[in-house]
Amino acid sequence: MDSVLTKGEELFAEGRIDEAADCFQQLLIKEPNNCRILNNLGVIAYQRRDGQRAADYFLRSIQSDPSFTDPIANLCALLRASGDLREALPILEPLSAKYPDNAEVAQLLSEAKKTRAVRLTGAKIAIVNPWDNKFTDLYTRYFGRANDVRLIKPQSENDLKDVLTWADVIWSQWCNEPLVFLSKQETKAALVTHIHSYEILTPQLMQGVNWRRVDGAIFVADHMRANANRLWSRQLATVPQTMIYNSVDLNEYPLHDSEPGFNIGYVGYLNHKKGIGLLLQCIKAAVECDSRYRLHIAGTFQETRFEVYMNHLIEQMGLSDNVVMHGWVKNIPSWLGSMNYVISTSPWEGCPLNLIEAMACGVKPLIHNWQGAAELFPSNLVFNTVSDFVALLRADSYDSSDYRAYVEREFNAERNAARIDQFLLERLEARRSLVPPAAEHRPGVLEKSQTEQEQSPVAPAAEPAGTINFYQPLQKTVEVSSNRKAFTIEFCRGKRVLHVGCVDAGIMESRIKSNNFLHYHISQVAEKLIGVDIEEGGLKRLADEGYEVYRLDLECDTELLSELASQVDVIVIPEVIEHLNNVGAALDNLRACGFEGDILISTPNAFSLRVIRLLGNGVELVHPDHNYYYSPTTLKTLLGKHGFDLQRLVMYYWPTDDEIGRELHKIVTTSCPYYAEGLIAMVRAERASR
């Protein structure tokens, strides 16, 4: 094994990242708790800018061998780069006590302690939720430590009117009817919503909310965020967003001594979105293997049709002795103590608490592969078919402590509540920056004279005739992404895509060898992918690899562009327009092809902090083939002149663990996103007037 591990590390040192990752992944199957392998995979994930996965690997490595300090240093580097070094304190403090002579741990602990935690303090927070949910009490307790918190369970609009004048922050924990009402009222408060899953499929909610008045949206999972922005791109175009998983307080969930057995639990309501038909098919298949299997249901029916359907099928399938109805169970952690498994057969879920609770108690989950399941939970716990379910059910693998450790890493209430805290604070600060302070009137203090006002560097509300307003207002808040490629890939997921500029000119050969290029990554998630470029050598290499590609000049090839655009749902034009000779001609050509779907255009930002910092040294940070720079205003103006509406603007940057990288992260995420390294514009062709 050591020789293979060494070979993987040599591949990594040579820059053959994908080959090294494959090598380490194969080794991990044989030794899932090898701290060195886990640390190496964490480093690769960090190189690929997948911070969440990197942190997961580093934490697993630390838990495997706390004396191995490499993953500790790597995790701290990751957290330092993201501004969250203080999050490492729960790891560093016990390690420092155990290894008091370890200078590296002592240094990291000292650094972490000096990092100031930025949290809401002394704020008036209204948590709005018309239902009784476990996470509401959890967050009420968390925010109540340092703030004045009111839990509002509105039954009518009158129940919400007081908070409009009282609160600094109004946090609607669902994107439902209370948010619709609140978003249409005048208030100084920052209005933030939590979006789970059902709301995205409810047009009267998503269209009923006045999104211009919503200061931020928290999604419970990446796939829910992607679906929402795909279905409601116009509504969500300017709403600052983040993703934070649902969470549990592990103190409330005892770790049971769970093991393989015959009790399969189901927790939750029984309704149209729970896959009842598949649920019974799975149980029937289990019983056919061994009649001792029992399905225990902790929940109630919400729809009569499914109650009739399920009772009918249970009888017809001969499962009357194998399905036990417990009704609504209040103490789920205790009830889980007698379960060996918990099953989910839903076709659609956000971030289901029932599975998180089961894993927290050490119970093995059996999860149908609804969209996002394999990203939220370990993929080896996810099944596609009934036969896959039976194999997963009867597999020897069962590790209660590993299930709980996964929850501690991903769904930890204290950690995720702190992330919500930070987001709410940012939204409150942004809201306050939009509200001008009331004018002070004190004896002896005069108002500004007209002359002083004219000298102020702020554009007047209306310019005199014959003048130009050079002060173009920007949005006070704008969405920020720390990974342009990942954002573009997610935009393409499940869609038919036309990728303009698919060749990585000059480095195509090396990128193909390592499968480390954008066109490849899009091909892994898109339903259909067509690539176009003008670089014939690169196109030939892509064609040799089996990709569908065409030579197309975006500035003039109207006929081919129209033909290809008719075959796709979206067009992506990443990092292309700065290379063109005639951008206006290219946009006119794109407009002429009649494409009505979403178009993603990304390009470097003229005001990038990295560019500005280097100018003082007499150096310009720019690709030698670039012809243009764009800013948020000039890009919007250019698009408008050529018939495109800007639907959504995202600023992107690359986090790096160096002085300017840390400074850039802090500035972009807390004060001015317009210093980011680039712009992502989501646009559509303007509709012709009738």
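Residues numbered from 1 in each chain as written. Predicted model: local features only at pLDDT ≥ 70, side-chain atom pairs only at ≥ 80, totals over all residues. Heavy atoms only, no water.

**Student:** Which parts of the structure should I look at to understand the nonpolar core?
**Tutor:** Generally speaking, nonpolar side chains in soluble globular proteins are found buried as a group. In terms of nonpolar packing, the biggest core is built from 97 residues, with Ile 170 and Phe 389 touching the most fellow members. When residues no more than four places from it in sequence are discounted, the contact partners of Phe 389 are Ile 264, Cys 282, Ala 286, Ile 343, Leu 366 and Phe 383. (Core = buried A, V, L, I, M, F, W, Y, C linked by side-chain atoms within 4.5 Å. Buried < 20%, exposed > 50% of the residue type's maximum accessible area, 1.4 Å probe, protein only. Contact = heavy atoms within 4.5 Å.)

**Student:** Would you take a moment to explain the sheet that holds strand β12 (residues 382-383) for this structure?
**Tutor:** Each strand in a sheet pairs with another by means of backbone hydrogen bonds, the pair being arranged parallel or else antiparallel. What the six strands build is an open sheet, ordered β9-β8-β7-β10-β11-β12; its pairing is parallel. One side of each edge strand has no neighbouring strand; the edge strands of this open sheet are β9 (323-327) and β12. Sheet analysis places strand β7 (residues 263-267) next to strand β10 (residues 341-344), joined by two bridges and oriented parallel. Looking at β10, one finds that Gly 265 is bridged to Val 342. (Pairing = 2+ DSSP bridges. Helix = DSSP H or I, 4+ residues; strand = E, 2+ residues; numbered from the N terminus.)

**Student:** Just checking my understanding: could you explain the packing of helix α17 (residues 353-360) against helix α20 (residues 400-410) for this structure?
**Tutor:** For any two helices packed against each other, the geometry is given by the interaxial angle and the distance between the axes. Direction vectors running N to C along α17 and α20 enclose 125 degrees, while the axes themselves pass 7 Å from each other. By the angle between their directions, the pair α17 and α20 is classed as oblique. Where α17 abuts α20, its residues Ile 356, Met 359 and Ala 360 lie against Tyr 403, Arg 404, Tyr 406 and Val 407. (Axes fitted to C-alpha atoms, helices over the stretch in contact; angles between N-to-C directions. Parallel < 35°, antiparallel > 145°, perpendicular 65-115°, else oblique.)

**Student:** I would appreciate a short explanation of the side chain of Asn 412 in the present structure.
**Tutor:** As for its placement among the helices and strands, Asn 412 is situated in the loop between α20 and α21 (413-434). Engagement of the side chain of Asn 412 in a polar contact is seen with the backbone nitrogen of Glu 414, the distance being 3.0 Å. Looking at Asn 412, its side chain comes within polar contact range of the main-chain nitrogen of Arg 415, at 3.3 Å. Every residue in contact with Asn 412, bar those within four places of it in the chain, is listed here: Ser 247, Val 248 and Val 407. (Polar contact = N/O pair within 3.5 Å; in protein donor to acceptor, adjacent residues only side chain to side chain.)

**Student:** How do you make sense of the pairing of strand β2 (residues 148-152) when you look at a structure like this?
**Tutor:** In the case of a regular strand, side chains alternate between the two sheet surfaces. Both strand β1 (residues 124-128) and β2 contribute to a ladder of five bridges, which runs parallel. Within β2, the residue paired with Lys 124 across the bridge is Asp 148. Assessed by its sense of winding, the connection that carries the chain from β1 through helix α8 (residues 134-144) to β2 is right-handed. (Right-handed = clockwise from strand over helix to strand, strands pointing away.)

**Student:** Could you clarify how one ought to interpret the pairing of strand β18 (residues 598-604) in this entry?
**Tutor:** Here β18 lies mainly inside the structure; seven of its seven residues are buried. Burial along β18 is two-sided: Asp 598, Leu 600, Ser 602 and Pro 604 facing one way and Ile 599, Ile 601 and Thr 603 facing the other are all buried. The sheet contact formed by strand β17 (residues 570-574) and β18 spans five bridges and is parallel. Residue pairing across strands places Ile 573 opposite Ile 601, the latter belonging to β18. With helix α28 (residues 583-592) bridging β17 and the parallel β18, this β-α-β connection has right-handed handedness.

**Student:** How do you make sense of the environment of Val 209 when you look at a structure like this?
**Tutor:** With respect to the element layout, Val 209 can be found in the loop between α11 (203-206) and β5 (216-219). Using a relative accessible area of 6% as the deciding quantity, one classes Val 209 as buried. Spatially, the C-alpha atoms of Val 209 and Gly 318 are 48 Å apart, while their sequence positions differ by 109 residues. When sequence neighbours within four positions are dropped, the list of residues in contact with Val 209 reads Cys 175, Leu 179, Val 180, Ser 183 and Val 214.

**Student:** Would you explain the packing of aromatic side chains in this entry?
**Tutor:** In this description, an aromatic ring pair is defined by two values, namely the gap between the centres and the angle between the planes. Under the counting rule described, the total for this entry stands at 21 aromatic pairs. Grouping aromatic residues by their ring pairs yields a cluster made of Tyr 245, Trp 370, Phe 377, Tyr 406 and Phe 411. Positioned over the ring face of Tyr 652 is Arg 484, at 5.7 Å from the centre of the ring. (Phe/Tyr/Trp six-rings, centres within 6.5 Å; stacked < 30°, edge-to-face > 60°. Lys NZ or Arg CZ within 6 Å of the ring centre and 35° of its normal.)

**Student:** Explain helix α30 (residues 632-641) to me, please; I cannot follow it from the model alone.
**Tutor:** In an α-helix, one turn spans 3.6 residues, which is why side chains three or four residues apart end up on the same side. For α30, every residue scored as buried is listed here: Pro 632, Leu 635, Leu 638 and Leu 639. One face of α30 carries all of its buried residues, which in axial projection span an arc of 135 degrees. On its buried face, α30 is in contact with α28, β18, β19 (644-652) and β20 (678-685). Looking one or two residues past α30, Gly 643 carries a phi angle of roughly 90 degrees, positive in sign. (Arc of directions from axis to C-beta.)

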